[in-house]
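Here are the chains, one letter per residue:
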Amino acid sequence: MDVSPLVIRPRPLTPEAFAPYGEVIAHQGAERRHHLTEPMRHSPEVVRHASWVSRVQTAPPGPVEIRLMERHRYAAQSFVPLTDSPYLVVVAPTGADDLPDMARLEAFLATGSQGVCYRVGAWHHGLTVLRGPAEFLVLMGQTGRGDDDEFWQAPAPHALVSISD
């Protein structure tokens with residue numbers, strides 16, 4: 001039996017909606033500083049902190065196919081936009097089988113002035129910009145063992161995120 005992928009419409013990225021998966025990196029409130037709690041979280045296995053700049057050249061031409069998810073078991077991972085390019089944030093809670101619960105997939109639209117920090121172990125889709133080229137500062141703790149990234153691929157496209165009206 002052929003099953004059509006679920007079509008998801010992303011909602012605006014807000015700190016409240018994203019809280020189960022991590023933290024929105026943006027100033028909030030009237031205070032001079034907005035302190036962040038998630039970006040430095042990591043397990044004792046982390047021995048170094050890494051940072052790099054990622055560039056994404058182009059945006060997808062149509063709906064974004066959600067098939068490959070990733071997580072980082074030992075450290076939070078942060079993305080801070082360096083260009084004013086909106087991007088897509090797709091996350092899923094961990095299911096009873098320790099894999100992403102694709103039935104509870106959520107999608108958010110981030111502005112070019114909002115960063116995200118995925119909590120330790122949060123399943124998420126790869127960086128997808130809505131207007132390219134775009135650059136992001138990426139921050140993450142690493143174990144030095146080469147086991148910092150875990151990927152899971154659905155056997156078929158599970159969902160499409162519609163990014164057009």
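Scroll up to find the structure this text is about.
In this text the structure is predicted, and so the values were computed from the model without any measurement. (Residues numbered from 1 in each chain as written. Predicted model: local features only at pLDDT ≥ 70, side-chain atom pairs only at ≥ 80, totals over all residues. Heavy atoms only, no water.)

(A) Structural view of the pattern of salt bridges. As enumerated under the stated definition, the model contains 8 salt bridges in all. Note that Arg55 and Glu135 form a salt bridge whose closest N and O atoms lie 2.4 Å from each other. One end of the pair, Arg55, is in strand S4 (residues 48–56); the other, Glu135, is in strand S13 (residues 134–142), and 80 residues separate them in sequence. Owing to a relative accessible area of 55%, Arg55 belongs among the exposed residues under this scheme. For the salt bridge of Asp101 with Arg104, the shortest nitrogen-to-oxygen distance reads 3.5 Å. One salt-bridge network, held together by shared partners, links Arg71, Arg73, Asp98 and Glu150. (Salt bridge = Lys/Arg side-chain N within 4 Å of Asp/Glu carboxyl O. Helix = DSSP H or I, 4+ residues; strand = E, 2+ residues; numbered from the N terminus. Buried < 20%, exposed > 50% of the residue type's maximum accessible area, 1.4 Å probe, protein only.)

(B) A look at the environment of Phe108. For Phe108, the location among the structural elements is in strand S9 (residues 106–110). Spatially, the C-alpha atoms of Phe108 and Thr94 are 18 Å apart, while their sequence positions differ by 14 residues. When near neighbours in sequence (up to four residues on either side) are disregarded, Phe108 contacts Pro10, Arg11, Pro12, Leu13, Ala17, Phe18, Tyr87, Leu88, Val89 and Val91. (Contact = heavy atoms within 4.5 Å.)

(C) Highlighting the sheet that holds strand S7 (residues 77–81). Read from one edge to the other, the open sheet built from 5 strands follows the order S3-S10-S7-S13-S4, with strand pairing classed as antiparallel. Only two strands of the sheet have a single neighbouring strand rather than two, namely strand S3 (22–25) and S4. Across the sheet, the axes of successive neighbouring strands diverge by a mean angle of 15°, strand direction being ignored. Sheet topology places S7 next to strand S10 (residues 115–118); 3 bridges connect them, and they run antiparallel. In the sheet register, Phe79 faces S10, and the bridge partner there is Val116. (Pairing = 2+ DSSP bridges. Axes fitted to C-alpha atoms, helices over the stretch in contact; angles between N-to-C directions.)

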